[in-house]
Amino acid sequence: DGDVYKYYVDGQWKKSSSGKSVPIINPTTRNTHYKVQACTQEEVNNVIDSAKKAQKLWAKTPLWKRAELLHKAAAILKENKAPIAECLVKEIAKPAKDSVTEVVRSGDLISYCAEEGVRILGEGKFLVSDSFPGNDRTKYCLTSKIPIGVVLAIPPFNYPVNLAISKIAPALIAGNSIVLKPPTQGAVAALHMVHCFHLAGFPKGLIGCVTGKGSEIGDFLTMHPGVNCISFTGGDTGISISRKAGMVPLQMELGGKDACIVLEDADLDLAAANIVKGGFSYSGQRCTAVKVVLVMEKVASSLVKKVNEKVAKLTVGPPEDDCDITPVVTESSANFIEGLVMDAKEKKATFCQEYKRKGNLIWPLLLDNVRPDMRIAWEEPFGPVLPVIRINSVEEGIHHCNASNFGLQGCVFTSDINKAIMISDAMETGTVQINSAPARGPDHFPFQGIKDSGIGSQGITNSIHMMTKVKTTVINLP
Ligand code: G3H
């Protein structure tokens, strides 16, 4: 069936023996736009076996050659940005320009990773024994970094290309092989991206890509004894993966409820611009989106007015037209967002705009006077709906932020650097941005969440380290 995209195993594109496919619904039209193979567990076994074999040789391939191939893949990916971006538009309704940016950013990430990998992995350590009590200088210890084996990469729908690449590139430069399980929405963009690696000429088997329903092959993949490391980005599924996974390193980037604290001395225009960008870009479907504004009562009305003026200018419509607000990824996601909005309505939040929805398209909405008894004060909508909580002290803001079970990022707007640092220290999040909206990038910055927001730290350097082990050889002198 030529209409169903094939999966990738042992350097070849294949149909699944299941004879089944998984439909990918275009969030805008709500019709099936593409289909991918529903891979079987036996096919997962084959992909992992093949990755395991290929990794042994790849680990022996000189570092500069690995880097060279990665640079080639980066160039091919960038050359093909248009068709890949087109898939993103159709599968996840990402605005057209942002879709292109995602692919270009991914190409840059691969190249940076190749360069960084050459530096990091090109160096080891040399230790001598007589620094530890009771030892003479009779032992020389040499350390180097060795690959970990087969890395399972599971990216989410909101960055099917970029968050796949942020796992694939560090894994490969470090001498690992990759098994990729793309999200259903975004799978075809991911398959195109994998084809760029295929065209670059990576050894067969080194990269495998299985598609299918998480409910059918998800646990099988994450609990597979052939997997040596899991790098996952997504929602609560990451918590259950962490509980079930074997004794392998885990890199988890999960949800967030990123707070934006606005103090009385803040530049309110700057804060408003960042709240709109942070809260509404890609319709709020980013783990790092601003998900709650905590503003000092004295400046709250003025800030809300400025935010509303900017919200009014957001364009709403199809991703093809490059609208700011586009349909959210699935109908169930839209229903969930609506549930949060209705709860806030019942509990008398102030609606700054009229709530409007058509299919998966939800118009941007700012909710003022949100209180802690409302679900939206704590849950992440992953949609274009942003709550504002008015606070009377900095402590109240920090308390709200730290009472969350999430701890990804946060931001603070103030012109007092001392206060900014004090708040950053007090916020229990992986990162705090001063006078800017939360964001993962630039992609070489460390990126991590605490509490339910994740395990480990990402960013190019940290990912390379996480996907390697230290190996030591000790020379014992007479
Ligand atoms: O959705 C989670 C992403 O890691 C956020 O990345 O800050 O570049 O949008 P971003």
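Analysis parameters
- Residues numbered from 1 in each chain as written.
- Predicted model: local features only at pLDDT ≥ 70, side-chain atom pairs only at ≥ 80, totals over all residues.
- Heavy atoms only, no water.
- Helix = DSSP H or I, 4+ residues; strand = E, 2+ residues; numbered from the N terminus.
- Rg over C-alpha atoms; globule rule 2.2 N^0.38 Å.
- Buried < 20%, exposed > 50% of the residue type's maximum accessible area, 1.4 Å probe, protein only.
- Contact = heavy atoms within 4.5 Å.
- Areas by Shrake-Rupley, 256 points an atom, 1.4 Å probe, with all protein chains shown as cover.
- Lys, Arg positive; Asp, Glu negative; His and termini not counted.
- Charge placed at Lys NZ, Arg CZ, Asp CG, Glu CD.
- Near = heavy atom within 4 Å.
- Polar contact = N/O pair within 3.5 Å; in protein donor to acceptor, adjacent residues only side chain to side chain.
- Nonpolar A, V, L, I, M, F, W, Y, C, P; charged D, E, K, R; others polar.
- pLDDT = per-residue confidence, 0-100.
- Pairing = 2+ DSSP bridges.
- Axes fitted to C-alpha atoms, helices over the stretch in contact; angles between N-to-C directions.
- Core = buried A, V, L, I, M, F, W, Y, C linked by side-chain atoms within 4.5 Å.
- Phe/Tyr/Trp six-rings, centres within 6.5 Å; stacked < 30°, edge-to-face > 60°.
- Parallel < 35°, antiparallel > 145°, perpendicular 65-115°, else oblique.
- Left-handed = near helix turned anticlockwise from the far one by under 90°.
- Salt bridge = Lys/Arg side-chain N within 4 Å of Asp/Glu carboxyl O.

> Help me understand the overall build of the chain, please; the structure alone is not making it clear to me.
Along the backbone of the chain there are 14 helices and 25 strands. A compact globule built from 478 residues would reach a C-alpha radius of gyration of about 23 Å, and the chain, at 24 Å, matches this within 12%. In terms of overall dimensions, the chain has C-alpha extents of about 75 × 70 × 40 Å along its principal axes. For the chain, the proportion of its 478 residues judged to be buried stands at 55%. Taking as baseline every contact in the chain between residues at least 6 positions apart, the subset at least 24 positions apart corresponds to 72%. Accessible area for the chain stands at about 19,800 Å²; split by element, carbon and sulfur atoms hold 54% of it. Here the chain contributes 53 positive and 49 negative side-chain charges, whose respective centroids are spaced 5 Å apart.

> How should I be thinking about the site of the ligand in this particular structure?
In the region of the ligand, the neighbouring residues are Arg 105, Asn 158, Tyr 159, Leu 163, Glu 253, Arg 286, Cys 287, Thr 288, Ala 439, Arg 440 and Phe 447. With respect to the ligand, the backbone of Cys 287 contributes an N or O atom lying 2.8 Å from an oxygen atom. Between Thr 288 and the ligand, the recorded distance is 2.6 Å, taken from a side-chain N or O atom to an oxygen atom. For the ligand, whose unbound accessible area comes to 300 Å², protein coverage reaches 96%. Within the shell around the ligand, the residues separate by chemical class into five nonpolar, two polar and four charged.

> Looking at this structure, I do not really get the confidence of the model for the chain. What am I missing?
Chain-level pLDDT for the chain is 98 on average; 100% of the residues reach the 70-or-more range. Predicted complex metrics record ipTM = 0.97 and pTM = 0.97.

> Please explain the pairing of strand β19 (residues 385-391) as it appears in this structure.
Looking along a regular strand, one sees the side chains alternate between the two faces of the sheet. Within β19, seven of the seven residues are buried, leaving the element largely enclosed by the surrounding structure. Of the two faces of β19, the one carrying Val 385, Pro 387, Ile 389 and Ile 391 and the one carrying Leu 386, Val 388 and Arg 390 are both buried. Of the strand pairs in this sheet, strand β14 (residues 290-296) and β19 are connected by four bridges, and their pairing is parallel. For Leu 294, the partnering residue across the bridge sits in β19 and is Ile 389. Note: strand β18 (residues 365-368) against β19, three bridges, orientation parallel. Pairing of Leu 365 across the sheet is with Val 385, part of β19.

> What should I look at first to understand the sheet that holds β19 in this one?
For sheets, the rule is that strands pair by backbone hydrogen bonds, running either parallel or antiparallel. As summarised here, the arrangement of the seven strands in space is β15-β18-β19-β14-β13-β21-β22, forming an open sheet in which the pairing is mixed. In this open sheet, the two strands that pair with only one neighbour each are β15 (350-351) and β22 (431-434). Sheet contacts for helix α13 (residues 417-426): β13 (258-262), β21 (409-413) and β22; angle to β22, the most-contacted strand, approximately 165°.

> Would you mind going over the nonpolar core with me for this structure?
If you look at soluble globular proteins, the nonpolar side chains tend to sit buried side by side. Core analysis: the largest hydrophobic core is formed by 64 residues, its most contacted members being Ile 165, Leu 172, Ile 178, Leu 180, Met 193, Phe 197 and Phe 202. In terms of residue count, helix α6 (residues 187-200) provides more of this core than any other element does, 10 residues in total. Those residues in contact with Phe 197 that lie beyond four places of it in its chain are Leu 70, Ala 73, Ile 110, Ile 165, Ile 168, Leu 172, Phe 202 and Ile 207. Listed in part, the 58 residues of the second largest apolar core include Val 307, Ile 389, Cys 411 and Ile 423.

> When you look at the packing of aromatic side chains in this model, what are you seeing that I'm missing?
Overall, the coordinates contain six aromatic pairs when judged by the stated rule. Seen in terms of ring centroids, Phe 157 and Phe 382 are 6.0 Å apart; in terms of plane orientation they differ by 70°. Their pairing is edge-to-face. With Phe 157 in the loop between β8 (150-154) and α5 (162-173) and Phe 382 in the loop between β18 and β19, this pair connects stretches of sequence that are 225 residues apart. Of the residues examined, Phe 157 reaches a relative accessible area of 19% and is grouped as buried. The buried category is assigned to Phe 382, whose relative accessible area is 18%. Ring centres 5.5 Å apart and planes at 45° place the aromatic pair Phe 197 and Phe 202 in the tilted group. With respect to burial, Phe 197 and Phe 202 carry one shared label: buried. In textbook terms, an aromatic cluster arises when at least three aromatic residues are bridged by ring pairs, as seen for Trp 58, Phe 197 and Phe 202.

> Can you help me understand the environment of Asp 98 in this one?
Here Asp 98 lies in helix α4 (residues 96-121). Distance in space between the C-alpha atoms of Asp 98 and Asp 322 is 8.3 Å, their sequence separation being 224 residues.

> Looking at this structure, I do not really get the packing of α4 against α5. What am I missing?
For any two helices packed against each other, one specifies the inter-axial angle together with the distance between the axes. Where α4 contacts α5, the axes come no closer than 9 Å and their chain directions differ by 20°. Considering the angle they form, α4 stands roughly parallel to α5. Where α4 crosses over α5, the handedness of that crossing is right-handed. Touching Glu 102, Arg 105, Ser 106, Leu 109, Ile 110, Cys 113, Ala 114, Gly 117 and Leu 121 of α4 are Asn 162, Ile 165, Ser 166, Ala 169, Pro 170 and Ile 173, all from α5. Taken together, the residues of the contact of α4 with α5 sort by class into nine nonpolar, four polar and two charged.

> Help me understand the pattern of salt bridges in this model?
One side chain can pair with another of opposite charge once the charged atoms of both are near each other. For the coordinates displayed, the defined rule picks out 20 salt bridges. A salt bridge links Asp 219 to Lys 244; the nearest nitrogen and oxygen atoms lie 2.9 Å apart. With Asp 219 in helix α7 (residues 214-222) and Lys 244 in helix α8 (residues 237-244), this pair connects stretches of sequence that are 25 residues apart. In this structure Lys 244 comes out as partly exposed when scored by relative accessible area, which is 36%. In this structure, Lys 291 engages Glu 380 in a salt bridge whose closest nitrogen and oxygen atoms are separated by 2.9 Å. One end of the pair, Lys 291, is in strand β14; the other, Glu 380, is in the loop between β18 and β19, and 89 residues separate them in sequence. The same class applies to Lys 291 as to Glu 380, namely buried. Shared partners join several salt bridges into a network, and the residues in it are Glu 86, Lys 90 and Glu 320.

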